[in-house]
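Topology and contacts: notes
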Amino acid sequence: MKILRFTFQNYRNLEEDSIFPCEGTNLIYGKNAQGKTNLLEAMWLFTGGHSFRGAKDGELVRFGEASCTLGLEFFSEEREQTAKMTIRGGKREAEINGILKRSAAALVGKFCAVIFSPEHLALVKGGPALRRSFLDGALCQSRPAYAKQFVLYQRTLQQRNTLLKDIPRHRELLGTLEIWDEKLAKYGAELIRQREEYLSFISEPVKEVYRGISQGKEELEIFYQCSLRRKREGPMQDGDFYEALEASRNTDIALGYTASGPHRDDMELKVDGISARSFGSQGQQRSIVLAMKLAEAQVLQQITGEAPVIFLDDVMSELDAGRQDYLLNHVKGRQVFLTCCDPNSIRDFQQGALFHVESGKVSASQHVAEGMPQNQML
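Scope of this entry: the structure provided in the associated data block. Because the structure is a prediction, the values reported are computed rather than measured.

Each value, and the rule that gives it
- Residues numbered from 1 in each chain as written.
- Predicted model: local features only at pLDDT ≥ 70, side-chain atom pairs only at ≥ 80, totals over all residues.
- Heavy atoms only, no water.
- 1 Å grid on protein atoms, 1.4 Å probe; cavity = no way out; pocket = protein on both sides within 12 Å on 5 of 7 lines; lining within 4 Å.
- Points joined across faces, edges and corners; volume = space filled by probe spheres on them.
- Helix = DSSP H or I, 4+ residues; strand = E, 2+ residues; numbered from the N terminus.
- Pairing = 2+ DSSP bridges.
- Axes fitted to C-alpha atoms, helices over the stretch in contact; angles between N-to-C directions.
- Contact = heavy atoms within 4.5 Å.
- Nonpolar A, V, L, I, M, F, W, Y, C, P; charged D, E, K, R; others polar.
- Parallel < 35°, antiparallel > 145°, perpendicular 65-115°, else oblique.
- Left-handed = near helix turned anticlockwise from the far one by under 90°.
- Phe/Tyr/Trp six-rings, centres within 6.5 Å; stacked < 30°, edge-to-face > 60°.
- Buried < 20%, exposed > 50% of the residue type's maximum accessible area, 1.4 Å probe, protein only.
- Lys NZ or Arg CZ within 6 Å of the ring centre and 35° of its normal.
- Expected span 1.5 Å × (residues − 1).
- Bend = angle between axes of the 7 residues up to and from the residue.

1. Overview of empty space enclosed by the protein
- The full count for this structure, using the stated rule, is one cavity of 30 Å³ or more.
- Space inside the largest cavity adds up to approximately 50 Å³.
- If you go around the largest cavity, the residues you meet are Val114, Phe116, Leu290, Lys293, Leu294, Ala297, Ile310, Leu312 and Leu327.
- Where the lining of the largest cavity is concerned, the elements lending two or more residues are strand E8 (113-116), helix H9 (282-304) and strand E12 (309-313).

Here's what the structure looks like:
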């Protein structure tokens, strides 16, 4: 998976332009608040996901403009492909190889990437929603059908919660709850099965990477924490989910919402058998997130047969020399986009393309090296 050309118009503070990345490491540097992260964010949107910074689509359009347009030329599935995205009225529209799609969600699985940013350092200490988001994002890319299942679950959950709020005032609606429970159990059980299967699949790669980062001094384990009470061992079944919903029906009605299910589940992280969330140091937190992201890229490549593009947003400053070296050694053979304030602070880069961002203008040097006609070698 390689980005060949990226075009942007009216995206946040970025001036209209195109860039031609190299196949290896692309270093994007400049002072803070100049637009470096905006550039990564714009490319990331072609995974079909939302902004990794949590921004709404309407906030991505340049101030004062009605819409913005992004274009991507990339190599995947042994051929060159194109994708286009337009954001207007707070919504995204997408084209793939010239064919208009109903929504940007159609991009899921077409262009794959892994993002590692300072926001992800809260993955360990933050709330369960962040860890669920990691799982759902990874699964949507590696298994595009998961994204459809996730949407169906969210819609059904919303309908059930609305009904739970109405039942105390309209007891005659109680009989219709069973219909929504059956639907929620069907979609929810599938989400849990796929999440647990993915964690089982990624567990060993995560352990191996973390072991390497800690130089074999520590062991990392990850576990899925299901909020539903099960009566038996094994993969979650529709009947298990339905029984759990039935058992908690009165509680849910009193609360006015569905208290358990994949929307309330969590992922537990332990270093040497001790909770990383409760007792992990800052260094351990960074190492855990780094291990999970590198393992995500590794598993994604195994599942799809394509090496995902790696986006590293201002993470090198958060890592010591040893972790920087480990990170750089484990992204070789992939296309990488790395942002930093000072390119001279990254001593381990032997070659790559250099881009400078200042006040939203992205500049590539005219000095060239063999094999990289658009950009300057480091």
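Text resumes after the structure shown.
2. Quick look at the sheet that holds strand E4 (residues 67-76)
- Judged by pairing direction, the sheet is antiparallel, and its six strands sit side by side in the order E2-E1-E4-E5-E6-E7 without closing on themselves. Two strands in the sheet have a free side with no partner beyond their single neighbour: strand E2 (17-19) and strand E7 (99-101). In this sheet, adjacent strand axes meet at a mean angle of 15° when their direction is disregarded.
- Pairing geometry for E4 and strand E5 (residues 79-88), over 10 bridges, is antiparallel. From the neighbouring strand, Ser76 faces E5, where its bridge partner is Arg79.
- The sheet strands contacting helix H1 (residues 36-44) are strand E1 (2-9), E2 and E4, and the helix crosses E1 at an angle near 110°.

3. Section: the layout of surface pockets
- Estimated volume of the largest pocket: approximately 1500 Å³.
- Gly48, Gly49, His50, Val108 and Cys140 are, among the 48 residues lining the largest pocket, the residues nearest its centre.
- Residues that form the lining of the largest pocket fall into these classes: 23 nonpolar, 12 polar and 13 charged.

4. Describing the packing of helix H5 (residues 177-213) against H9
- Contact geometry for H5 and H9: axes closest at 8 Å, N-to-C directions at 130°. It follows from the interaxial angle that H5 and H9 lie oblique. Crossing handedness for the pair H5 and H9: right-handed.
- Tallied by class, residues from the contact of H5 with H9 come to 16 nonpolar, four polar and one charged.

5. Some remarks on the packing of aromatic side chains
- Enumeration according to the criterion identifies five aromatic pairs in this entry.
- Arranged with centres 6.2 Å apart and planes meeting at 90°, the rings of Phe6 and Phe46 form a pair that is edge-to-face. Taken together, the residues span a long stretch of sequence, with Phe6 in strand E1 and Phe46 in the loop between H1 and E4 at a distance of 40 residues. Take Phe6 and Phe46: they sit in the same class, and that class is buried.
- Measuring from centroid to centroid gives 6.4 Å for Tyr146 and Phe150, while their planes differ by 25°, and the two rings are stacked. One end of the pair is Tyr146 and the other is Phe150, both in helix H4 (residues 144-166) and four residues apart, which spans about a single turn.
- A relative accessible area of 0% places Tyr146 in the buried class.
- Here the aromatic residues Phe6, Phe8 and Phe46 are joined through ring pairs into a cluster of three or more.
- Against the face of Trp180 rests Lys183, its NZ or CZ located 4.9 Å from the ring centre.

6. Focus: H5
- With 37 residues, H5 extends 50 Å between its outermost C-alpha atoms, agreeing within 8% with the 54 Å of an ideal straight helix rising 1.5 Å per residue.
- The sharpest bend along H5 comes to roughly 35°, located at Ile202, with the proline Pro205 sitting one to four residues further on.
- Looking at the residues trailing H5, positive phi occurs at Gln215, about 55°.

7. Points about the pairing of strand E10 (residues 266-271)
- In this structure, strand E9 (residues 220-225) lies alongside E10, joined through six bridges in antiparallel fashion. Residue pairing across strands places Tyr224 opposite Met267, the latter belonging to E10.
- As paired strands, E10 and strand E11 (residues 274-275) are joined by two bridges and run antiparallel to one another. Within the sheet, the bridge partner assigned to Val271 lies in E11 and is Ile274.
- As consecutive antiparallel partners, E10 and E11 are separated by two residues, and within that stretch Asp272 has a phi angle of approximately 55°, a positive value.

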